[in-house]
Amino acid sequence: MSPPLLTIENVAVELPTPRGNLRAVDHVDLSLEAGRTLGIVGESGCGKTMLSRAVLQLLPRQAKLTGRVMFDGHDLVRLKPESLRRLRGRDLAVVFQDPMTSLNPVLTIGTQLMETIQEHLELDAPSARKRSIELLAAVGIPAPEQRLAQYPHQCSGGMRQRIAIAIALSCEPKLLIADEPTTALDVTIQAQILDLLAREQRRRHMAMIIITHDLGVVAGRADEVAVMYAGRVVERAPTQALFKRMHMPYTEALLAAIPKLDTAPHTPLPAISGRPPDPTRPLKGCSFAPRCRYAAERCREAKPELKGAEMPGHLYACFHPIQMAEGIGA
Amino acid sequence: MMQLAVHDEPLLDVDNLVVEYGLGNRTVHAVSGVSFQVARGETLGLVGESGCGKSTLGRAVLQLRRAKSGRVLFDGEDLTAMEGEALRRMRRRVQLIFQDPIASLNPRRRIGDIVAEPLIIAGVKDATERKRRVHEVLGAVGLDPDIVAGRLPHEFSGGQCQRICIARSLVLNPEFIVCDEPVSALDVSIRAQILNLLEEMKARFGLTLLFIAHDLAVVKAVSDRVAVMYLGRLCEVGPSEQLFAKPAHPYTDLLLQAIPVPDPDVRPVEGVAIGEPPSPIAPPSGCRFRTRCPRADQRCSAEIPELREVAPGQFAACHHPLA
Ligand SMILES: Nc1ncnc2c1ncn2[C@@H]1O[C@H](COP(=O)(O)OP(=O)(O)OP(=O)(O)O)[C@@H](O)[C@H]1O
Ligand SMILES: Nc1ncnc2c1ncn2[C@@H]1O[C@H](COP(=O)(O)OP(=O)(O)O)[C@@H](O)[C@H]1O
Ligand code: SF4
Ligand code: SF4
Ligand SMILES: [Mg+2]
Ligand SMILES: [Mg+2]
C-alpha cells in the first residue's frame with residue numbers, strides 16, 4: 001500500500017469566544033491516499049469546515065491549532081507562509097459551499113482562471129487562455145470562450161460552482177477539498193456537480209475530501225466515510241462497511257432522519273431530538289448522550305474512545321454500539 | 001375547466017395564472033399559465049429547480065405579487081379582484097413561511113414582539129389576548145414561551161428560527177399557508193424535526209398547505225398530491241405515491257433520478273442531469289423542457305403540451321409521456 005498523501009494526526013482547533021474557549025475540532029486522526037475519496041459527514045457546527053481549514057492552514061487568526069498535518073511529505077503546520085501559498089492552489093485546492101467565497105466579483109472569469117494558472121504553472125498568456133477554455137469546457141460550461149469575458153454575477157449558482165471547480169482543478173491538484181459543494185444547489189445541479197467532481201478525480205488520480213451534512217451525498221461517491229459529532233470523529237469506515245453495518249447510534253440516527261422516496265406520505269420522520277451540545281461547554285461523557293436513545297449511566301460519566309470494530313478499518317466511539325456481530329463488541 | 005382529483009369544493013382554485021417581471025426592456029416569464037386546485041385539509045407539494053417560478057407562484061397566490069392575468073379563487077372569492085380592506089381581511093386567512101428563517105426575522109426585535117406582530121397589524125388591541133395567543137403558538141411549536149419571548153433572533157439556531165417563523169404564521173389562526181422551501185436551509189437532522197412539526201400543526205389547526213421545495217423526498221414526506229414545475233409551467237400533477245412510482249413526464253423522471261440515495265450499492269447514474277434550465281427571458285417554443293428532454297422531437301418545439309390525464313388523478317403536459 002502506498003503511503004497516505006494526507007495524514008491528520010491528533011488535530012485540535014480551539015477558538016477563543018466571549019463565552020469561553022470553543023473546541024471546534026477535538027483531536028481528530030484521519031488519513032487519505034492518492035486517488036481516493038473521503039467523505040466527512042455531520043450536522044451543522046460539528047467542526048467539518050474548521051477541520052478542513054486546519055488542513056488548508058486557513059483558520060481564523062485567533063484560532064489555536066495543535067497536532068500535525070502531513071501532506072505529500074510536508075508538515076503543513078510548520079511550513080513557511082511562502083511555501084504554503086505555493087502549495088495551496090497548486091497541489092492543494094478547495095471548493096467552498098458558496099462559490100462566491102473563491103470568486104472575485106469584480107474580475108472576469110477569464111482573468112481569475114488565467115491568473116491562477118499563470119501564477120502556478122508558468123505559462124504564457126495565450127497558453128493560459130487556451131487552458132482556461134479547456135477547463136471551462138471540461139466542467140460543462142457551454143460556449144466557454146464567451147464566458148471568459150463575463151463576471152461571476154452573470155452566471156447562475158450552478159454555473160459559478162462549476163467555475164470555482166475549474167479554478168480549483170486548473171493546476172492539477174493532488175488533493176481537492178470540497179466543503180459542502182452542493183448544499184446551496186438544486187438536486188439536478190447537485191447531481192451534475194458531483195458527477196463532474198467524480199469524473200475529474202478519476203481522470204487526474206486526485207484525492208478528494210467531500211464534506212456534507214447529507215449521508216446520501218457520500219453513499220455512492222466516497223471510498224471511506226468519517227462521521228463527526230461535536231468536534232470529534234465518532235465513526236469511520238469504508239463506505240460499504242459503514243452502510244452495511246453502522247455501529248454508532250448517531251450515524252444510524254443521521255441516516256434515519258433523511259426523508260426517503262419509498263416511504264409513504266405523512267409517515268412521521270425519525271428526527272434526532274434536540275441539538276448538539278454547546279461547544280464552549282463540553283460534556284464529561286459522550287457528547288451524543290443527551291440525544292441518544294441507547295444512552296446509559298456510563299455514557300454520561302466517561303468519554304468513549306474511537307476504537308476498532310470486528311471489520312478492519314471500521315472504528316467507532318461508543319459504549320453500546322449497535323449492529324455488532326455475535327460475541328464481539330463492548 | 002379541468003378537475004384535478006379534488007372531491008370537495010376546493011379551498012384554493014388557481015386558474016391560468018400568468019406572472020411576469022420587467023427586466024429593463026425585457027420580460028421574465030416567471031409563471032406562464034398555471035392552473036391547479038387545493039382541497040380543504042390537503043397538502044399540495046410544489047417542486048422544481050431554482051428559478052422555475054415556485055416562489056413567484058406562491059406569492060402571486062397570496063397577492064403579494066399581482067398577476068398579469070388569471071384568477072385565484074380562495075374559498076370561492078377571487079383574490080385577484082380584491083383590494084384595500086377586503087384584501088386585508090382575506091390576508092388574515094392565508095400566511096407565508098419563508099426559506100431563510102434567520103433573514104426573515106427582524107434582528108432587533110424580541111421574539112415575543114415578532115410573533116405578536118401579525119396580531120397588531122390585524123388590529124387585535126387587547127394586550128392580554130395578544131400575549132395569550134403568542135404563548136399558545138410558541139408552546140405549540142415546541143418552544144418555552146417564558147424563556148424565548150424576551151430574546152433576540154441571533155440567540156437562536158436556524159431550526160429554532162424556523163420554529164419561530166412557524167409560530168408567527170399560526171398566530172392569526174390562518175386556514176391556508178404557503179410554505180416556501182421551509183427546510184432547504186436546514187441540516188438533515190433539523191429538517192426532520194421541522195417537517196414533523198409542520199405535519200403536527202397541520203392536524204392540530206386544520207390547515208391546508210402549499211408546500212414548495214426542490215427536494216422530491218422532502219415533498220413526498222408531507223404531500224397528498226405533488227405538482228412538478230419547470231420554467232414557469234406545470235409539467236405534471238398527481239397523487240404523491242402514484243407520481244413517484246410512475247412518473248409520466250420526462251422531467252419528473254429526471255428529478256427522481258437526480259436524488260442521491262443513501263445506499264452505496266446504488267451507484268449514482270451519471271449524466272442524467274444534462275444541462276441547466278434555459279433563461280425565462282426567452283423560454284423555448286413549444287414544450288419548455290424540450291432542450292433537455294431525451295424524447296423531444298419536432299412536435300415538441302411546435303406545439304405547447306397541455307396537461308392531460310394519463311392515469312386516474314395524474315396529469316402530465318407531454319406529447320410523449322412515459323408509459
Ligand atoms: N471564526 C469563528 N470564531 C469562533 N467560532 C467559530 C468560528 N467559525 C466557526 N466557529 C465555531 O466552530 C464550530 C465548528 O464550526 P464549523 O464551521 O467548522 O462547523 P461545520 O460543521 O462546518 O458547520 P456548518 O455546516 O454550519 O458550516 C461551531 O461551533 C462554530 O460556531
Ligand atoms: N423581482 C424580480 N425581478 C426580475 N426577475 C425576477 C424577480 N423575482 C424573480 N425573478 C425571476 O423570476 C424567475 C422565477 O423566480 P422565483 O419565483 O424566485 O423562482 P424559485 O422560487 O423557483 O427559485 C427567475 O428567473 C427569477 O430570476
Ligand atoms: S456512548 Fe452511549 S450515549 Fe454515546 S452514542 Fe454510544 S450509547 Fe449513545
Ligand atoms: S413534450 Fe416533448 S420535449 Fe416536452 S417533455 Fe414531452 S417529450 Fe419531452
Ligand atoms: Mg461548514
Ligand atoms: Mg424560491
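Residues numbered from 1 in each chain as written. Chains lettered and ligands numbered in written order. Predicted model: local features only at pLDDT ≥ 70, side-chain atom pairs only at ≥ 80, totals over all residues. Heavy atoms only, no water.

### Notes on the sheet that holds strand β5 (residues 77–78) of chain B
Residues and elements named next belong to chain B. To keep things clear, this is the line we draw: Here, strands pair whenever DSSP counts at least two bridges between them. Numbering of helices and strands runs from the N terminus; a helix is a DSSP stretch of H or I covering at least four residues, while a strand is a stretch of E covering at least two. Contacts: residue pairs with any heavy atoms within 4.5 Å of one another. To get an axis, fit a line to the C-alpha atoms, keeping to the stretch in contact for a helix; angles then go from 0 to 180 degrees between the N-to-C directions.
Pairing is antiparallel across the open sheet formed by 4 strands, whose spatial order is β2-β1-β4-β5. Where the open sheet ends on each side, the last strands, each with one partner, are β2 (26–39) and β5. Relative to β2, strand β1 (residues 10–23) runs antiparallel, the two sharing 11 bridges. What sits directly across from Tyr 21, in β2, is Val 28. Sheet contacts for helix α1 (residues 54–61): β1, β2 and β4 (69–74); angle to β1, the most-contacted strand, approximately 120°.

### Quick look at the packing of aromatic side chains
Our working definition: Each pair of aromatic rings taken from Phe, Tyr and Trp, with Trp reduced to its six-membered ring, is defined by centres within 6.5 Å and is described as stacked if the planes are under 30 degrees apart, edge-to-face if over 60, and tilted in the remaining cases. Only protein chains enter the calculation, and the probe is 1.4 Å; a residue is then buried if its accessible area is under 20% of its type maximum, exposed if over 50%, and partly exposed in between.
Considering all chains together, one arrives at 7 aromatic pairs over all chains under this definition. Taking 5.0 Å as the distance between ring centres and 80° as the angle between the ring planes, the aromatic pair formed by Tyr 230 of chain B and Phe 289 of chain B counts as edge-to-face. Residue Tyr 230 of chain B is found in strand β9 (residues 225–230), and its partner Phe 289 of chain B is found in the loop between α10 (250–258) and α11 (298–302); the two are separated by 59 residues along the sequence. Grouping residues by exposure puts Tyr 230 of chain B and Phe 289 of chain B together as buried. Joined through ring pairs, the aromatic side chains of Tyr 229, Tyr 250 and Phe 288 of chain A make up one cluster.

### Re the domain arrangement of chain A
Residue and element names in this part refer to chain A. Put simply, the rule reads: What fixes the domain bounds is an automatic or database domain assignment. By convention, the term buried area covers the 1.4 Å-probe accessible surface removed from two parts as they join, with the contributions of both added. Salt bridge criterion: a side-chain nitrogen from Lys or Arg within 4 Å of a carboxyl oxygen from Asp or Glu. Pairs of N or O atoms within 3.5 Å make up the polar contacts considered here, provided that, within protein, one atom can donate a hydrogen while the other can accept it, and that residues adjacent in sequence are counted only when both atoms are side-chain atoms. Amino acid classes used here: Ala, Val, Leu, Ile, Met, Phe, Trp, Tyr, Cys and Pro are nonpolar; Asp, Glu, Lys and Arg are charged; the rest, including Gly, are polar.
Here chain A is partitioned into domain 1 (6–228) and domain 2 (230–316). Inter-centroid distance (C-alpha atoms) of domain 1 to domain 2 is 27 Å. Taken together, the contacts link 29 residues of domain 1 with 24 residues of domain 2. Carbon and sulfur atoms supply 54% of the area buried between domain 1 and domain 2, which totals about 2,200 Å² over both sides. As a salt-bridge pair, Glu 43 and Arg 291 come within 3.1 Å of each other at their nearest N and O atoms. Remark: the boundary between domain 1 and domain 2 carries 15 residue pairs in polar contact (both at pLDDT 80 or more). The set of elements that each furnish at least two residues to the side of domain 1 that touches domain 2 consists of β2 (20–32), α8 (215–219) and β9 (224–229). For the side of domain 1 that touches domain 2, the element with the highest residue contribution is β2, accounting for 11 residues. In terms of residue class, the side of domain 1 that touches domain 2 is made up of 15 nonpolar, 6 polar and 8 charged.

### Describing the packing of helix α6 (residues 158–170) of chain B against helix α7 (residues 188–205) of chain B
Residues and elements named next belong to chain B. Applicable threshold: In this scheme, roughly parallel covers angles under 35 degrees and roughly antiparallel covers those over 145, while 65 to 115 is roughly perpendicular and the rest are oblique. The handedness criterion is simple: a crossing whose near helix is rotated anticlockwise from the far helix by less than a right angle is left-handed, and one whose near helix is rotated clockwise is right-handed.
Direction vectors running N to C along α6 and α7 enclose 15°, while the axes themselves pass 10 Å from each other. Between α6 and α7, the crossing angle belongs to the class labelled roughly parallel. The handedness of the crossing between α6 and α7 is right-handed. Across from Gly 159, Gln 162, Arg 163, Ile 166 and Leu 170 in α6, the residues of α7 making contact are Ile 190, Gln 193, Ile 194, Leu 197, Leu 198, Met 201 and Phe 205. Within the contact of α6 with α7, the residues separate by chemical class into 8 nonpolar, 3 polar and 1 charged.

### A short note on unusual backbone geometry
Residues and elements named next belong to chain B. For Gln 63, which is not glycine, the phi torsion reads 65° and is therefore positive. Of the residues examined, Gln 63 reaches a relative accessible area of 4% and is grouped as buried. For Asn 173, which is not a glycine, the phi torsion comes out positive at approximately 60°. Of note, Asn 173 is situated in the loop between α6 and β7 (176–180).

### Details of the sheet that holds strand β6 (residues 94–97) of chain B
Residues and elements named next belong to chain B. Pairing within the open sheet is mixed, and its 8 strands lie in the order β6-β7-β8-β3-β9-β10-β12-β11. Whereas interior strands pair on both sides, the edge strands pair on one side only; in this sheet they are β6 and β11 (308–311). The mean inter-strand angle of the sheet, taken between neighbouring strand axes irrespective of direction, is 20°. Relative to strand β8 (residues 208–213), β7 runs parallel, the two sharing 5 bridges. From the neighbouring strand, Val 178 faces β8, where its bridge partner is Leu 210. On the sheet, α6 packs against β6 and β7 and is oriented at approximately 170° with respect to β6.

### Digging into the packing of helix α4 (residues 125–138) of chain A against helix α7 (residues 187–204) of chain A
Residue and element names in this part refer to chain A. α7 packs onto α4 with a crossing angle of 125° between their chain directions and a minimal axis gap of 11 Å. Classified by the angle between their axes, α4 and α7 sit oblique to one another. Contacts between α4 and α7 involve Arg 131, Leu 135 and Ala 138 from the first element and Leu 196, Arg 199, Glu 200, Arg 203 and Arg 204 from the second. Among the residues forming the contact of α4 with α7, the class breakdown is 3 nonpolar, no polar and 5 charged.

### As for the interface of chain A and chain B
One frequent convention defines the size of an interface as the accessible area lost when the parts assemble. Opposite the 48 residues of chain A that make contact, chain B presents 50 residues. Taken together, both faces of the contact between chain A and chain B bury some 3,800 Å²; the carbon and sulfur share is 57%. When the buried area of chain A at its contact with chain B is split by residue, Val 187, Leu 261 and His 266 of chain A rank highest and sum to 18% of it. At the surface where chain A touches chain B, the tally comes to 0 salt bridges. Taken together, the connections running from chain A to chain B amount to 13 residue pairs in polar contact (both at pLDDT 80 or more). Among the elements of the structure, α6 (157–169), α7, α8, α9 (239–244) and α10 (249–256) of chain A are those that each provide at least two residues to the side of chain A that touches chain B. Ranked by the residues each element gives to the side of chain A that touches chain B, the list is headed by α7 of chain A, at 9 residues. Taken together, the residues of the side of chain A that touches chain B break down into 21 nonpolar, 16 polar and 11 charged.

### Describing the site of ligand 1
All names here are of chain A. What counts, and what does not: A molecule or strand has a residue near it when one of that residue's heavy atoms lies within 4 Å. With residues, only the protein chains shown are counted as cover, and all accessible areas are computed by Shrake-Rupley using a 1.4 Å probe.
Taken together, 15 residues lie near ligand 1, and Ser 44, Gly 45, Lys 48, Thr 49 and Met 50 sit nearest. Between ligand 1 and Gly 45 there is a distance of 2.7 Å, counted from an oxygen atom to a backbone nitrogen or oxygen. Within the contact set of ligand 1, an oxygen atom lies 2.7 Å away from a backbone nitrogen or oxygen of Met 50. Notes on ligand 1: free accessible area 630 Å², of which the protein chains cover 68%. Looking at the shell around ligand 1, the elements that each hand over two or more residues are β2 and α1 (48–56). Of the residues forming the shell around ligand 1, the biggest block, 3 residues, is contributed by α1. When the residues that make up the shell around ligand 1 are grouped by side-chain class, the tally is 7 nonpolar, 5 polar and 3 charged.

### Examining the pattern of salt bridges
Going through the model one piece at a time under the given rule, you end up with 38 salt bridges over all chains. The salt bridge involving Glu 175 of chain B is made with Arg 40 of chain B; its shortest N-O contact spans 3.6 Å. Highlighted residues: Glu 175 of chain B in the loop between α6 and β7 and Arg 40 of chain B in the loop between β2 and β3 (43–47), separated in sequence by 135 residues. Exposure remark for Glu 175 of chain B: the relative accessible area of 21% places this residue in the partly exposed category. Taken together, the shared-partner salt bridges in this structure form one network comprising Arg 131, Glu 172, Glu 200, Arg 203 and Arg 204 of chain A.

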